[in-house]
Amino acid sequence: MADAAIATTTAATPAHGRYGSMSRDRRWALRWSYFFLVLFACFFLMPPLYMFITSLKSSAEISAATNPWWVYSPTLSNYIELLSQNQYLTFFRNSAIVSVFVVIITMVISVIAAFALARMKFWGSAALATGVFLTYLIPDTLLFIPLFKMFAWVNDTFGIQLMNHWWTLMILYPTLTVPFATWIMIGYFASIPKELDEAALIDGATWMQTLTKIFIPVALPGIIAATIFTFTVAWAQFLYPLAFTTSTSELVLPVGIVTTLIKGDVFNWGQIMTGALLGAAPPLIIYAFLMDYYIAGLTAGATKG
Amino acid sequence: MAQVTLRKVIKKYDEVLAVRGIDLDITDKEFIVLVGPSGCGKSTTLRMIAGLEEITGGDIAIGGDVVNDVPPKDRDIAMVFQNYALYPHMNVYENMSFGLKLKRTPKDEIDRRVKQAAQILDITELLDRKPKQLSGGQRQRVAMGRAIVRDPKVFLFDEPLSNLDAKLRVQMRTEIKKVHQKVRTTTVYVTHDQVEAMTLADRVVVMNAGLIEQVGSPNDLYHSPATKFVAGFIGSPAMNFEPCHLEQAAGALRVRLSDTLAFPVPADRTARYASHVGKANLVLGLRPEHIIETRPHIEPNQHDFDTMIDVVEPMGMETLVYFTIAGAELCGRVNPNAGATAGKVMKLRADLSNMHLIDDGTGRVL
């Protein structure tokens, strides 16, 4: 009996039972991956979906105790009202101009700075590169008080009032974006073989020509990654515009929506959601177009080749 | 005229001396190869000629002008790098014309030069490809093309063949030699491969620990090495070194390798070696091809001896045999049909007319 039982067990155990099976391991890994990916996707897509649903409801329907995940009488009135208000368009314009210029200013400064720090070996370049990164670690909530003092000093000394102007944000945001963009670009430039700039140097290129004709084209994925990052930060920045701008005509989108659509304790939920949704569109469009480059930029230098 | 002159050139990195004061005269149209083990300062020397490294001391002159402080672009040189250093976003044509464009050379002149160089290197059909679409050998050609179109005073090659597989390396070696025969530009070539050095060079510069050991034609270095380092570095398999001492025997000299084995020194060397009799620290240098199987006819200065063979390596056209004398392993090259067998005693023949006597204390060949 015992012998027979052993024989049966041995025969019934397929080879991969003892050693494990690669295809079965992979199937399980995939199942778990899908499970968590779907879970996270649901979790993160819930708020935008909720915004979208709410933006299609009238104020009456929002305040009525109906199913919040269903629209019983869809309406575009929120969109029409918001887009026909001049101030919303002003916020949008302010945000767009500020973001575009912040991107331009940041990229010009950080690409040149990163090139110098990564390539033109000079005394203290390594310490400076670390210093650039350390400035990024300082929270912006700590920065705006000294910035207030600086603006007051500028006003006292030169008579230039920097407070409460949307264009002031173009000076402010780079304090957040330049260190990080520079850090990304230093990493990217460092991954370019040294022989490439030596070859350019021998070919007769100046440092500036090496940067514009060799480094920028080769590091384009990194530059695009830094651009997207900068644009996102500039577009979504809330604290600085809240602190430094007050007049309605000077506000940018995130602050504008909050300050004009919340009156006292009255929340105009339909328009808030519509405004936030429309405000989220530009970064989304930019991501969609540059996604491939963005991922290539983030993973650059991970492997050789 | 594009001779290159190095006078007492020194390179110091922090406190480390990479190059310790070297003198070198490279004549116009000459093909010079700097060879040596890694860390010997050969690449540093090349990079100093290129202007990619500042020199700590001494003078470098190209075409008679001292260029110590001249930036690379104004030295009129072209360099080929080990990893090719092609601009990845430009096609072959743009890669080759980049330098000329920066110099504002007229367009038709650029076109003429690029096409001519492409023809020399046989890469005409690759001109509109990007570097990533090319094989290693093709990239190497493009890198050379980029150097040729500039028509510089000096070509500098920094281990250009190290990234290629063995077969392609031999092929490109011939290619480089052909190109040099066509364009006749003064060339400085760095390699750690002594075969590459021997086959390419008009003159080879052997470097070791930041100093030049010896400069000479490939044959000079091979047959008359000045130091033990050169003797051991040039030639493959390497020269055999066997500790020995000289003794006087009936008016002639004998080189004694062990208690049981001693060979008479050739008569024409007796005067040269006489003062070293009885000295310690002497080493006999004998190349593997001067230890052969025994043959019926014996030449002067050849001597037979019996030895136990440790290892046999058949190479096809010859067989390498390894054996031990007084603790030192030696190598001989015998006829494949000589019947060499590991673990058996074999009669070998040493040809002392090609012997070298080395003072192991100073490293000089006596």
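Owing to the predicted nature of the structure, the values given are computational and were not obtained by experimental measurement. (Residues numbered from 1 in each chain as written. Chains lettered and ligands numbered in written order. Predicted model: local features only at pLDDT ≥ 70, side-chain atom pairs only at ≥ 80, totals over all residues.)

Side note on the overall build of chain A
So, step 1. A tally of regular secondary structure across chain A gives 16 helices and two strands.
So, step 2. In chain A, buried positions account for 30% of the 305 residues.
So, step 3. Taking all contacts inside chain A whose residues are at least 6 apart in sequence as the whole, residues at least 24 apart take part in 78%. (Helix = DSSP H or I, 4+ residues; strand = E, 2+ residues; numbered from the N terminus. Buried ≥ 20, exposed ≤ 12 C-beta atoms within 10 Å, placed from the backbone. Contact = placed C-beta atoms within 7 Å.)

Let's talk about the overall build of chain B
So, step 1. Helix and strand counts for chain B stand at nine helices and 20 strands.
So, step 2. When its C-alpha atoms are laid out on the principal axes, chain B stretches across 80 × 45 × 35 Å.
So, step 3. In chain B, the proportion of contacts linking residues at least 24 apart, taken out of those at least 6 apart, comes to 67%.

A look at helix 13 (residues 220-236) of chain A
All names here are of chain A.
So, step 1. For helix 13, with 17 residues, the first-to-last C-alpha span of 24 Å sits near the 24 Å given by 1.5 Å per residue.
So, step 2. Across the 17 residues that make up helix 13, a large majority, 12, are buried.
So, step 3. Turning to helix 13, its buried residues number three or more, namely G222, I223, I224, A225, A226, T227, I228, T230, F231, V233, A234 and W235. (Expected span 1.5 Å × (residues − 1).)

Some words on the interface of chain B and chain A
So, step 1. Listed by partner, the interface residues are 17 residues for chain B and 14 residues for chain A.
So, step 2. Elements with a contribution of two residues or more to the side of chain B that touches chain A: strand 6 (77-80) and helix 2 (92-102) of chain B.
So, step 3. Considering only residue class, the side of chain B that touches chain A consists of 12 nonpolar, three polar and two charged. (Nonpolar A, V, L, I, M, F, W, Y, C, P; charged D, E, K, R; others polar.)

Some remarks on the sheet that holds strand 11 (residues 240-249) of chain B
Residue and element names in this part refer to chain B.
So, step 1. The five strands lie next to each other as 13-12-11-14-20, forming an open sheet whose pairing is antiparallel. With partners counted over all chains shown, the strands left at the sheet margins are strand 13 (262-264) and strand 20 (356-359), one partner each. Averaged over all pairs of adjacent strands, the angle between strand axes in this sheet comes to 40°, irrespective of strand direction.
So, step 2. Of the pairings in the sheet, the one linking strand 11 to strand 14 (residues 282-286) comprises five bridges and is antiparallel in character. Opposite C244, over in strand 14, you have L282 as the bridge partner. (Pairing = 2+ DSSP bridges. Axes fitted to C-alpha atoms, helices over the stretch in contact; angles between N-to-C directions.)

As for the nonpolar core
So, step 1. Counting 155 residues, the largest nonpolar core has B:V33, B:L156, B:V188 and B:V205 as its most contacted members.
So, step 2. A per-element tally of this core places helix 6 (residues 86-119) of chain A first, with 12 residues.
So, step 3. Those residues within four positions of B:V205 in sequence are excluded, and the remaining contacts are B:L24, B:I32, B:V33, B:L34, B:I212 and B:V215. (Core = buried A, V, L, I, M, F, W, Y, C linked by C-beta atoms within 7 Å.)

Thoughts on the environment of B:Q138
Residues and elements named next belong to chain B.
So, step 1. Within the fold, Q138 resides in helix 4 (residues 136-149).
So, step 2. Given 18 C-beta atoms within 10 Å, Q138 falls into the partly exposed group.
So, step 3. Sequence separation between Q138 and I123 is 15 residues, and the spatial gap between their C-alpha atoms is 7.6 Å.
So, step 4. Apart from residues no more than four positions distant in its own chain, Q138 is found in contact with I123 and L126.

A few points about the confidence of the model for chain B
Interpretation of this model should avoid reading the predicted coordinates in detail wherever pLDDT is low.
All names here are of chain B.
So, step 1. Chain-level pLDDT for chain B is 90 on average; 100% of the residues reach the 70-or-more range.
So, step 2. By mean pLDDT, helix 9 (residues 270-273) is the weakest element of chain B at 86, and strand 3 (residues 31-35) is the strongest at 94.
So, step 3. The complex prediction reports pTM at 0.79, with the ipTM value standing at 0.82. (pLDDT = per-residue confidence, 0-100.)

Some points on the confidence of the model for chain A
All names here are of chain A.
So, step 1. Per-residue pLDDT for chain A averages 84, and the proportion of residues at 70 or more is 90%.
So, step 2. Taken element by element, chain A is modelled with least confidence in helix 1 (residues 2-12), mean pLDDT 46, and with most confidence in helix 6, mean pLDDT 92.
So, step 3. Low pLDDT, under 50, characterises residues 1-13; the stretch is placed with one contact to residues that sit more than four places away or in other chains.
So, step 4. pLDDT under 50 marks residues 301-305. Its contacts with residues more than four places away, or in other chains, come to two contacts.

Brief notes about the domain arrangement of chain B
So, step 1. Assigned domains of chain B: these are domain 1 (4-226) and domain 2 (240-359).
So, step 2. If you average the C-alpha positions of domain 1 of chain B and of domain 2 of chain B, the two centres end up 40 Å apart. (Domains from an automatic or database assignment.)

Looking at the packing of helix 6 of chain A against helix 13 of chain A
Residue and element names in this part refer to chain A.
So, step 1. The N-to-C vectors of helix 6 and helix 13 enclose an angle of 140°; their axes lie 9 Å apart at closest approach. In terms of orientation, helix 6 lies oblique with respect to helix 13. The two elements helix 6 and helix 13 meet at a crossing, and its hand is right-handed. Each of S95, V98, S99, V102, V103, T106, M107, S110 and V111 in helix 6 lies in contact with helix 13, whose residues at this interface are I223, A226, T227, T230, F231, A234 and W235.
So, step 2. Among the residues making up the contact of helix 6 with helix 13, the classes are represented as 10 nonpolar, six polar and no charged. (Parallel < 35°, antiparallel > 145°, perpendicular 65-115°, else oblique. Left-handed = near helix turned anticlockwise from the far one by under 90°.)

Some details on the pairing of strand 19 (residues 345-351) of chain B
Residues and elements named next belong to chain B.
So, step 1. Here strand 19 shows a buried face lined by M346, L348 and A350 and an unburied face lined by V345, K347, R349 and D351.
So, step 2. Here strand 15 (residues 291-293) runs beside strand 19; their pairing, made up of three bridges, is antiparallel. Residue pairing across strands places E293 opposite L348, the latter belonging to strand 19.
So, step 3. When strand 16 (residues 302-314) meets strand 19, the two strands line up antiparallel, connected through seven bridges. Within strand 19, the position partnered with Q302 by the bridge is D351.

Some remarks on the pairing of strand 2 (residues 16-26) of chain B
All names here are of chain B.
So, step 1. Relative to strand 2, strand 1 (residues 4-13) runs antiparallel, the two sharing eight bridges. Bridged to V9 within strand 2 is I22.
So, step 2. Hairpin geometry of strand 1 and strand 2 is characterised by an intervening segment of two residues between the two adjacent antiparallel strands and by a positive phi of about 50° at D14.

So, the domain arrangement of chain A
Residue and element names in this part refer to chain A.
So, step 1. Per the domain assignment, the segments making up chain A are domain 1 (23-75) and domain 2 (85-298).
So, step 2. Here the C-alpha centroids of domain 1 and domain 2 sit 31 Å apart.
So, step 3. Each partner contributes residues to the interface: domain 1 has eight residues there, and domain 2 has six residues.
So, step 4. Residue assignment for the side of domain 1 that touches domain 2 shows that the elements contributing at least two residues are helix 3 (22-55) and helix 4 (59-63).
So, step 5. In terms of residue count, helix 3 provides more of the side of domain 1 that touches domain 2 than any other element does, four residues in total.
So, step 6. A per-class count over the side of domain 1 that touches domain 2 returns three nonpolar, four polar and one charged.

Considering unusual backbone geometry
Residue and element names in this part refer to chain B.
So, step 1. Cis geometry marks the peptide bond from S236 to P237; its omega dihedral reads -5°.
So, step 2. Considering the arrangement of structural elements, one finds P237 in the loop between helix 8 (228-233) and strand 11.
So, step 3. Positioned with a positive phi, D151 is a non-glycine residue whose angle comes to about 50°.
So, step 4. Within the secondary structure, D151 is located in the loop between helix 4 and strand 7 (154-158).

Focus on the sheet that holds strand 1 of chain B
Residue and element names in this part refer to chain B.
So, step 1. The antiparallel open sheet is built from four strands, whose spatial order is 2-1-4-5. The open sheet has two free edges, formed respectively by strand 2 and strand 5 (65-66), since each of these has just one partner strand.
So, step 2. Pairing geometry for strand 1 and strand 4 (residues 57-62), over five bridges, is antiparallel. Its bridge partner being in strand 4, R7 is matched across the sheet by D59.

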